[in-house]
Amino acid sequence: GSTAEGHHGAPILAIERPAADAALAGLLRGTWSFDQLALEGLKAHAVLQADGTLNLIEATQDWRRGGGSHDTTRPAIRVGHLSVSNAQLLFTDLRGPDAARTRLDSIAISASNLSTVPQDPPGKYELTATHGENASLKLGGQVDVKPEGMVVGGDVQVRNLQAKSIQPFLRGTLRVSDLQ
């Protein structure tokens with residue numbers, strides 16, 4: 001497995017079992033190309049800092065800037081099919097007086113035709129996850145991953161989510177008593 005750390009040395013991303021089927025022809029064109037990329041047991045810890053910044057976004061910005069090294073060029077990346085299985089996301093919100101935390105489990109992601117090459121069309125994705133005992137989340141649509149950023153669009157389905165489980169993240173915006 002492998003682990004990536006954030007600014008404060010805390011792990012923000014870990015992968016138990018990565019597997020890749022690389023397409024060597026892409027290297028000749030200066031592109032990292034993968035026919036298949038599989039990540040099993042991915043664990044991510046997203047932290048929304050008190051100032052509103054998200055640690056995962058900061059980490060990707062560091063990567064795009066070269067992580068402090070002098071070589072800031074990054075190769076183009078193409079992935080024919082990405083699968084993520086048995087993943088988990090811990091989310092912490094530090095914007096209020098008390099930290100709010102929640103966890104999504106059993107995350108599965110399937111995506112196809114992902115590319116950072118500017119002229120390539122958007123890819124497609126589907127994400128499913130569970131929260132607590134009965135809640136589920138499903139997302140699906142298009143994703144456009146380019147060197148300057150990522151644009152995601154599509155549909156969201158949430159089932160059996162208990163309002164009290166998300167109330168700490170809606171501080172001052174929505175009271176649980178407002179929900180019916």
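How each quantity is defined
- Residues numbered from 1 in each chain as written.
- Predicted model: local features only at pLDDT ≥ 70, side-chain atom pairs only at ≥ 80, totals over all residues.
- Heavy atoms only, no water.
- Helix = DSSP H or I, 4+ residues; strand = E, 2+ residues; numbered from the N terminus.
- Buried < 20%, exposed > 50% of the residue type's maximum accessible area, 1.4 Å probe, protein only.
- Contact = heavy atoms within 4.5 Å.
- Areas by Shrake-Rupley, 256 points an atom, 1.4 Å probe, with all protein chains shown as cover.
- Patch = residues over 30% accessible without salt bridge, like charges linked within 9 Å, V, L, I, M, F, W, Y side chains within 5 Å.
- Salt bridge = Lys/Arg side-chain N within 4 Å of Asp/Glu carboxyl O.
- pLDDT = per-residue confidence, 0-100.
- Core = buried A, V, L, I, M, F, W, Y, C linked by side-chain atoms within 4.5 Å.
- Pairing = 2+ DSSP bridges.
- Polar contact = N/O pair within 3.5 Å; in protein donor to acceptor, adjacent residues only side chain to side chain.

Draft legend 1. Here's a closer look at the overall build of the chain. Looking only at helices and strands, one finds three helices and 10 strands in the chain. Starting at the N terminus, the α and β elements of the chain follow one another as β-β-β-α-β-β-α-β-β-β-β-β-α. Taking all 180 residues of the chain together, 22% fall into the buried category. At a minimum sequence separation of 6, the contacts of the chain that also span at least 24 residues come to 50%. On the chain, roughly 11600 Å² of surface is accessible, and the fraction owed to carbon and sulfur atoms is 55%.

Draft legend 2. View of a nonpolar patch on the surface. A cluster of nonpolar side chains, contributed by Val156, Val158, Leu161 and Ile166, occupies part of the molecular surface with about 310 Å² of accessible area. By the secondary structure assignment, Val158 is in strand S10 (residues 149-159).

Draft legend 3. Highlighting the confidence of the model for the chain. Looking at the chain as a whole, its pLDDT mean stands at 83, while 84% of the residues score no less than 70. Low pLDDT, under 50, characterises residues 67-71; the stretch is placed with three contacts to residues that sit more than four places away or in other chains.

Draft legend 4. Here's a closer look at the nonpolar core. Counting 16 residues, the largest nonpolar core has Leu39, Leu42, Leu82, Val84, Ile107 and Leu114 as its most contacted members. For this core, the elements supplying multiple residues, two or more each, are strand S6 (76-93), strand S7 (100-115) and strand S8 (123-131). In this view, Val84 contacts Leu39, Leu42, Ile107, Ala108 and Ile109; residues no more than four positions away in its chain are not counted.

Draft legend 5. The arrangement of the side chain of Ser33 in detail. Along the chain, Ser33 falls in strand S4 (residues 31-40). What Ser33 contacts, discounting residues up to four positions off in sequence, is Ala22, Ala23, Gly26 and Arg78.

Draft legend 6. Broad picture of unusual backbone geometry. In the Ramachandran plot, Asn113 falls in the positive-phi region, its phi being about 55° despite a non-glycine side chain. Assignment of secondary structure puts Asn113 in strand S7.

Draft legend 7. Up close: the environment of Val79. Here Val79 shows up in strand S6. Taking the relative accessible area as the measure of exposure, Val79 reaches 8% and is therefore buried. In this structure, the C-alpha to C-alpha distance between Val79 and Gly123, residues 44 residues apart in sequence, is 9.5 Å. If we ignore the near neighbours within four places in the chain, the residues touching Val79 are Phe34, Leu37, Ser112, Asn113 and Leu114.

Draft legend 8. Structural context of the pairing of strand S2 (residues 11-15). Relative to S2, strand S1 (residues 2-5) is paired through four bridges, and the arrangement is antiparallel. Residue pairing across strands places Glu5 opposite Pro11, the latter belonging to S2. Inspection of the sheet shows S2 paired to strand S5 (residues 43-48) by two bridges, in the antiparallel sense. Within the sheet, the bridge partner assigned to Ala14 lies in S5 and is Lys43.

Draft legend 9. Up close: the pattern of salt bridges. Tallying each qualifying case throughout the model produces six salt bridges. For Asp105, the salt bridge identified is with Arg103, shortest N-O distance 2.9 Å. The network of salt bridges with common partners includes Glu16, Arg17, Glu40 and Lys43.

Draft legend 10. Spotlight on the side chain of Asn55. Here Asn55 lies in helix H2 (residues 55-65). A distance of 3.0 Å separates a polar side-chain atom of Asn55 from the backbone oxygen of His45. A distance of 2.7 Å separates a polar atom in the side chain of Asn55 from the backbone nitrogen of Val47.

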